Amino acid sequence: MKVSEKYYDEQFPFLGEWDMESLCGLKIRTVDGSTYVIVTELYQENPGTSVTYAGQKLRDQICHAKGLSADEIVYIECTPDTNSKLSFYDEEYYEVDFSADPQHRYRRLTTDEVKHILD
Amino acid sequence: MDTIKLKLIYPRWKKLPGQTTFTLPPHGPVAFAATLPEYVDIDFIDENVEDINFDDPCDLVALSTMLSTQVKRAWEIAAEYHKRGKKVIAGGISAMLHAEEYVNHVDSLFLGESEGRSEQVILDWKNGCLKKVYNYLGKQPPIESVGPCRRDLYKRELYNHKGVQMVDLFHASRGCRFSCYPCAVSYLGGRKFRPRPVDKVVEDMAGIDNNRLFIVDNSLAQDKEWEKELFRAIAPLKKKWISHTIEDDPEVLDLAAKAGAWYVYQAVYDTSDYIKERVKRYHDNGIGVEGTILLGLDNQTVDDCKRLIDFLGEIDLDLAEFTIMTPFPHTKAYDDYLRQGRIFDFDWNHYNAGQVVFKPALMTPDELQGVYEYAWKSFYASETQESKMFRLFCNVALREMNEGTYRPRNRALANKSFGRDVDRTVKTHQNAF
């Protein structure tokens, strides 16, 4: 279940839950003056915590490493299409608002929104 | 070093209405106990079969938990010991899954595998510098360091039903190269399959005073050559064993049967000919099959579930176990449902795989709960679970008699079931829910 390299520009090592060594895909795009940070779950290639479980901790590590301000980015989690026959490994993008409660923290992006950021 | 009296506790949990009342001797606590130095005098209490006397003298308390449904009880136990001024350490699968909360209830939390590491915890406690967290997540010890469990700590008579000794749990490997949707094993034990050296497995298995085992490895079907070597090596022991999936390969199945495979847990996830034939291939090799059926996946409607349940009658399963999809932390299911805002219940006591805690995609939570109850009743309508289990039991007893390894049941315990007097009430799935 290797994740296609089209989902990321680089693999970003991070410390997950309990500082577990972890890895995600990372793309940073600037579109219309907004900075989009897109983290992609790498499944089997990620030896540690998932991007969703790492959440804010991962965002802060990326911001620190890339010199970004957490208040000035749009943070997006991507679960990539892994060409699995199982529907729960389909591609999805979620914008994450860490200030919201868990029920309202994630907003799924439409295909058009994703295209706008990535194309 | 002076002797240290350690109270090692495995907290109780509430059994589900459809489940058998059988209680197996737990594996985690005795695997941990085996890693402790000799000067630690361990008193093991499995709260599922005996009560805790909180005033019993001890120096230190260790909690070992496997299930999410044990963690809240573990925290209650920790609170009782804290009232008595005792320090409490904890570890185990659900301690790792729920670590962020768990750490608030105990003096020290151990994350990861304990081989070669537990003595430091004891020394730190002795020296008054116990760390809040011993974090070995992702840093597995050499698999060669995994030794025999401390099964001498079991009070054997408590794992006995009407004179029949329960199976002993055993592990031949750790870690998993698969990363299945509802499973957290790759997070807990690493994404690499780590088979134990076969000679160690044989030595360990031979030392168990029980002819019937449950090899609890997540899947033996991860390294075919090791699997074949394992089966060839354990065959002379004449043990009979239960396991999860075995490689779907004629040679492997033949070797498994010769090595004593009694029955396997096999996931039944659709109504395909492949599943039907998979079950048949086990049966052709004399291996029984307990189907494990997960209900509530995102592609399932109520009708799909009912079709799947009806299908079970066509494939001649020996037993079936139904579970409701449950988003345990550190699984992809948890991440997906969390992002989708579908988890409505975070009470870990309800994470028992028999209670709906999320919004299914194609049915309501009530409909899923209803389908689950229907599944148990429907499958066991014509023959009770106890009766089906008895047939499996007879099957293995006959094989043992032919091989000269059969041990008659202990008549002195014929009126006891897990330490309590036998309940003669006939329980069926019709009246369980």
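Note on numbering: residues in each chain are counted from 1, in written sequence order. Chain letters and ligand numbers both follow the written order, the letters beginning at A and the numbers at 1. The predicted nature of this model means local features are confined to residues of pLDDT at least 70 and side-chain atom pairs, given and counted, to a pLDDT of 80 or more, with totals for whole chains, interfaces and linings taken over all residues.

Asks: Please clarify how the domain arrangement of chain B should be interpreted in this entry.
Replies: Many authors give the size of an interface as the accessible area that is lost as the parts come together. Residues and elements named next belong to chain B. The assigned domain composition of chain B is domain 1 (4–140) and domain 2 (144–412). Taken over C-alpha atoms, the centre of domain 1 sits 25 Å from the centre of domain 2. In this assembly, 28 residues from domain 1 lie in contact with 35 residues from domain 2. Only runs of H or I of at least four residues qualify as helices and only runs of E of at least two qualify as strands under DSSP, and these elements are numbered from the N terminus. Mapped onto the side of domain 1 that touches domain 2, the elements with two or more residues apiece are α1 (28–33), β2 (40–46), α2 (68–83) and α3 (93–97). The dominant element in the side of domain 1 that touches domain 2, judged by the number of residues it contributes, is α2, at four residues. Classifying every residue of the side of domain 1 that touches domain 2 by side-chain character gives 15 nonpolar, ten polar and three charged. How far each domain reaches was decided by an automatic or database domain assignment. Placing C-beta atoms from the backbone, we regard two residues as in contact once those atoms come within 7 Å. The nonpolar class holds Ala, Val, Leu, Ile, Met, Phe, Trp, Tyr, Cys and Pro. Asp, Glu, Lys and Arg form the charged class, and all remaining residues, Gly among them, are polar.

Asks: In this structure, what is going on with the interface of chain B and chain A? I would like to understand it.
Replies: Counting residues at the interface gives 18 residues for chain B and 20 residues for chain A. Looking at the side of chain B that touches chain A, the elements that each hand over two or more residues are β6 (133–135) and α12 (332–339) of chain B. Looking at which element gives the most residues to the side of chain B that touches chain A, the answer is α12 of chain B, with five residues. Classifying every residue of the side of chain B that touches chain A by side-chain character gives six nonpolar, six polar and six charged.

Asks: Would you mind going over the environment of aspartate 107 of chain B with me for this structure?
Replies: Residues and elements named next belong to chain B. Its place among the elements puts aspartate 107 in the loop between α4 (99–102) and β5 (108–111). For the pair aspartate 107 and alanine 375, spaced 268 residues apart in the sequence, the C-alpha separation amounts to 43 Å. If near-sequence neighbours (up to four positions away) are discounted, aspartate 107 is found in contact with Lys87, Val88, Ile89 and Leu130.

Asks: Is there a simple way to explain the nonpolar core in this structure?
Replies: Among soluble globular proteins, nonpolar side chains are generally buried collectively. By size, the foremost hydrophobic cluster in this structure holds 107 residues, and its most contacted members are Leu63, Ala90, Leu295 and Ala375 of chain B. Both domains that furnish three or more residues to this core are identified here as domain 1 (4–140) and domain 2 (144–412) of chain B. In contact with alanine 375 of chain B, other than residues within four places in its own chain, are Ile293, Leu295, Ile309 and Phe322 of chain B. In this description, a nonpolar core means buried residues of the types Ala, Val, Leu, Ile, Met, Phe, Trp, Tyr and Cys, linked to one another by C-beta atoms lying within 7 Å. Partly exposed residues are those whose C-beta has more than 12 but fewer than 20 other C-beta atoms within 10 Å; with 20 or more the residue is buried, with 12 or fewer it is exposed, and the C-beta atoms are placed from the backbone. Val3, Leu58, Ile76 and Tyr93 of chain A belong to the second-largest nonpolar core, a separate cluster that totals 19 residues.

Asks: For this particular structure, what's the right way to read the packing of helix α11 (residues 302–312) of chain B against helix α13 (residues 365–379) of chain B?
Replies: Helix-helix packing: each pair is described by the crossing angle between the helix axes and the interaxial distance. All names here are of chain B. Interhelical geometry of α11 versus α13 gives an angle of 10° and a closest axis separation of 10 Å. Relative to α13, α11 is oriented roughly parallel. Between α11 and α13 lies a crossing whose hand is right-handed. Along its contact with α11, which presents Val302, Cys305, Lys306, Ile309 and Leu312, the element α13 presents Glu367, Val371, Ala375, Ser378 and Phe379. Grouping the amino acids of the contact of α11 with α13 by side-chain chemistry returns seven nonpolar, one polar and two charged. Here an axis means a line fitted to C-alpha atoms, over the contact stretch when the element is a helix, while the angle between two N-to-C directions is reported on a 0 to 180 degree scale. Convention used here: angles under 35 degrees read as roughly parallel, angles over 145 as roughly antiparallel, angles from 65 to 115 as roughly perpendicular, and any remaining angle as oblique. Note on convention: the crossing is left-handed when the near helix lies turned anticlockwise from the far helix by less than a right angle, right-handed when the turn is clockwise.

Asks: Sorry, what's going on with α11 of chain B here?
Replies: Helical geometry note: an α-helix holds 3.6 residues per turn, so side chains three or four residues apart project in the same direction. All names here are of chain B. Turning to α11, its buried residues are Cys305, Leu308, Ile309 and Leu312. The buried residues of α11 all sit within an arc of 100° when viewed along its axis, so they share a single face. Of the residues in α11, the exposed ones pointing more than 90 degrees away from the buried face are Asp303 and Asp310. Buried residues belonging to α11 abut β15 (288–295), β16 (319–324) and α13. By arc we mean the arc of the directions from the helix axis to the C-beta atoms, nothing more.

Asks: Could you clarify how one ought to interpret α12 of chain B in this entry?
Replies: With seven of eight residues buried, α12 of chain B is to be regarded as a mostly interior element. Burial in α12 of chain B covers these residues: Lys332, Ala333, Tyr334, Asp335, Asp336, Tyr337 and Leu338 of chain B. Looking at the buried side of α12 of chain B, the elements it contacts are α1 (51–54) of chain A. Following α12 of chain B by one or two positions, glycine 341 of chain B has its phi on the positive side, about 65°.

Asks: So what exactly am I meant to see when it comes to the pairing of strand β12 (residues 212–215) of chain B here?
Replies: One face of the sheet, then the other: side chains in a regular strand alternate in exactly this way. Residue and element names in this part refer to chain B. Side chains of β12 alternate between two faces, with Arg212 and Phe214 and Leu213 and Ile215 buried alike. Here, strands pair whenever DSSP counts at least two bridges between them. Alignment of strand β9 (residues 168–170) against β12, held across three bridges, turns out to be parallel. Among the inter-strand pairings, leucine 169 is bridged to a residue of β12, identified as phenylalanine 214. Inspection of the sheet shows β12 paired to strand β13 (residues 240–243) by four bridges, in the parallel sense. Bridged to phenylalanine 214 within β13 is isoleucine 242. Crossover handedness is defined by viewing with both strands directed away from the observer: a clockwise path from the first strand over the helix to the second marks the crossover as right-handed. A crossover links β12 with its parallel partner β13, the connecting element being helix α8 (residues 224–234), and its sense is right-handed.

Asks: Sorry, what's going on with the sheet that holds strand β1 (residues 4–10) of chain B here?
Replies: Two modes of strand pairing occur in sheets, parallel and antiparallel, and in both the strands are linked by backbone hydrogen bonds. All names here are of chain B. Judged by pairing direction, the sheet is parallel, and its six strands sit side by side in the order β2-β1-β3-β4-β5-β6 without closing on themselves. Only two strands of the sheet have a single neighbouring strand rather than two, namely β2 and β6. For this sheet, the mean inter-axis angle between neighbouring strands, taken without regard to orientation, is 20°.

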